[in-house]
Structures are given as structure tokens and as C-alpha cells.
Amino acid sequence: MSSDTLAKIPAASEIPEPADVPRIVPQRRYGQWAAAVVVLALLGFAVNSVLRNRAFQWDVVADHFTSDSVLRGLWLTLWLTAVVMVLGFALGTLLAAFRLSANPVLRAVGRGYVWLFRSIPILVQLLLWFNIGALYPQVFGVRTVNLLSPVAVAIIGLTLHEAAYAAEVVRGGILSVDRGQIEAAQALGLSRWRRWRRIVLPQAMRAIVPPAGNMLIGTLKGTSIVSVIAVDDLLFSTQLIYHRTYQVIPLLMVATLWYAVVTSLLGIGQHYVEKHYARGTENAR
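We now turn to the structure provided with this report. What you are looking at is a predicted structure, and each value in this text was computed from that prediction instead of being measured.

What counts and how
Residues numbered from 1 in each chain as written. Predicted model: local features only at pLDDT ≥ 70, side-chain atom pairs only at ≥ 80, totals over all residues. Heavy atoms only, no water. Helix = DSSP H or I, 4+ residues; strand = E, 2+ residues; numbered from the N terminus. Buried < 20%, exposed > 50% of the residue type's maximum accessible area, 1.4 Å probe, protein only. Phe/Tyr/Trp six-rings, centres within 6.5 Å; stacked < 30°, edge-to-face > 60°.

## Side note on unusual backbone geometry
Thinking step 1. Notably, A230 is not glycine yet its phi reads approximately 65 degrees, a positive angle.
Thinking step 2. Turning to its location among the elements, A230 is positioned in the loop between α11 (192-222) and α12 (234-245).
Thinking step 3. On the basis of relative accessibility, which here comes to 46%, the residue A230 falls in the partly exposed class.
Thinking step 4. One non-glycine residue, Y246, adopts positive backbone phi at about 65 degrees.
Thinking step 5. Relative to the helices and strands, Y246 resides in the loop between α12 and α13 (248-277).
Thinking step 6. Assessed through its relative accessible area of 70%, Y246 is described here as exposed.

## Remarks on the packing of aromatic side chains
Any pair of aromatic rings gets described here by the distance separating the centres and the angle formed by the planes.
Thinking step 1. Tallied over the full model, the rule gives 3 aromatic pairs.
Thinking step 2. Note on F65 and W258: the rings are 4.4 Å apart at their centroids and 5 degrees apart in plane angle, and the pair reads as stacked. Highlighted residues: F65 in the loop between α3 (58-64) and α4 (68-100) and W258 in helix α13, separated in sequence by 193 residues.
Thinking step 3. For F65, a relative accessible area of 21% corresponds to the partly exposed category.
Thinking step 4. For W258, a relative accessible area of 13% translates into the label buried.

Honestly, that's just the spatial picture; any functional story needs more than this.
This is the structure we're talking about:
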């Protein structure tokens, strides 16, 4: 830049100030702050009420929280949840393949299964399986009354129920993958297995993991319903204790706290799994 050009540039002190410069005023959110204060006050009142209410008998809760019977029930609940989720998603994936098949018979079977098991309440399904001996007293010469234990009934009923929902979760995840990417992979000469492993599955998991995580937490809590068929899960274990001691509220609080602890840990795990599959997207945080 020449000296003549620099001489024509006015000094900073010579630049005229704008006549009316708008003043930036931060937005005042009085309503939000007032609502926050009210919510905190109500929350503090609720916590104080729970902690100071002697009916909860927190000393009894502490005594039974890690008792052997409760821990055995907790272990059965976790084991049952894991088995049901694995079997449910295995069967659900097969049903999703039926729903996406070009064969009209397979599509009809998949659609009919999902319709049937989503229409019947899980409690009704468990009671039907528990009383299967009334429908079929013998199967291949074996008495069905002695064939299925309460735990086996719980696994069958919960698995068939979860598979109907898992099928829709898997199907929705696969359909969320852009068809153009699959066609591009075909044009590159990738095999069917490599297309599924490298293209379809990683992208489908972004849509599958969130509802699958919710299903896992829902299944964990839903296992409490098997107590009606005398499966010795977490809830049934606490029920056995309070039927003997008549300390209903503290024993229910033991079950409540354990469910809260486990679901919180599962929620943390779900967060990191979602973060893993969301890498490279705007939602990866």
C-alpha cells in the first residue's frame, strides 16, 4: 500500500461515531426463574417429607437392602431380563426379516405375529402359558403341568411379547437407511454380507439403539409382573418378607431403590452406546 493511500485513511479518532447506537439488553426471563423457584421448593418439600416420614422406616430398608433373599431376587431379575432381551431380539430380527421379505406369506406371518402379541396384555399371556395344561394336558406323551416351571413360563411369555416389539424396532432401523447408499454399495461390487456389515447395520443401529435401550429398561421393570406366577424375582422376594413381617412400605422401598439403581446404570450404558453409533453426526454428543 502506497504512502498516498495511507494518508487518505482517516485516523481512528476522526471516524465519526454513529448517532444512535442500539443498546443490547439481555432478555429477562422472570417467568422461568419464578417457575424454577416454585419447582425447587416443591421438590425440597417432597424430599423432606420422604426423609422425615417415619412410615418409610428407613432403618428397616437399610437392614433388608442387601439381604440374601433380596439379592437372590435381584440376580434372578437381571438374569431373566438378559435372557428375554437376547431371545426377544433374536426372534424379533427374524420377524423383521419376514416383514421386509418379498414373499407375501412371510410378510403376512410377520405382520400377524406382531399384531397378535401386541394386542394381548403381557399379564394375560403369562397366565395363559401358566395354565397351558388346561388347554393341552399332554404334548408328545408328556404332561404339560410338569413340563413348564414358573421360570420357563416367564421366559416364554416375556420373550414372545418382547419379540413383537423388537421386530418393529429392527424393521424401523433398517428402513431408516437411505436406499441410495445400498445401491451405491451394489455398484461398487460389495457382497451382500459386506453391504449389511459396512453400510446397513452401522446406520440402522443409530435408529435401533435408543428404542432398544428403552425396551431393555422396560423389560427390567416388566419382569416384576412374573411375581403373579410365583417366580422368585426381586419384587416377589420382598413380598415374601413383608408377608412375614408386615413391613409393607419399607420392603416396597427396597424393591423401588434397587430398580432405580439398575435402571440408572442401564441408562448410562445406553447413553454411551448411542454416542458410539452417533459418531460423525450432529447428534454425537
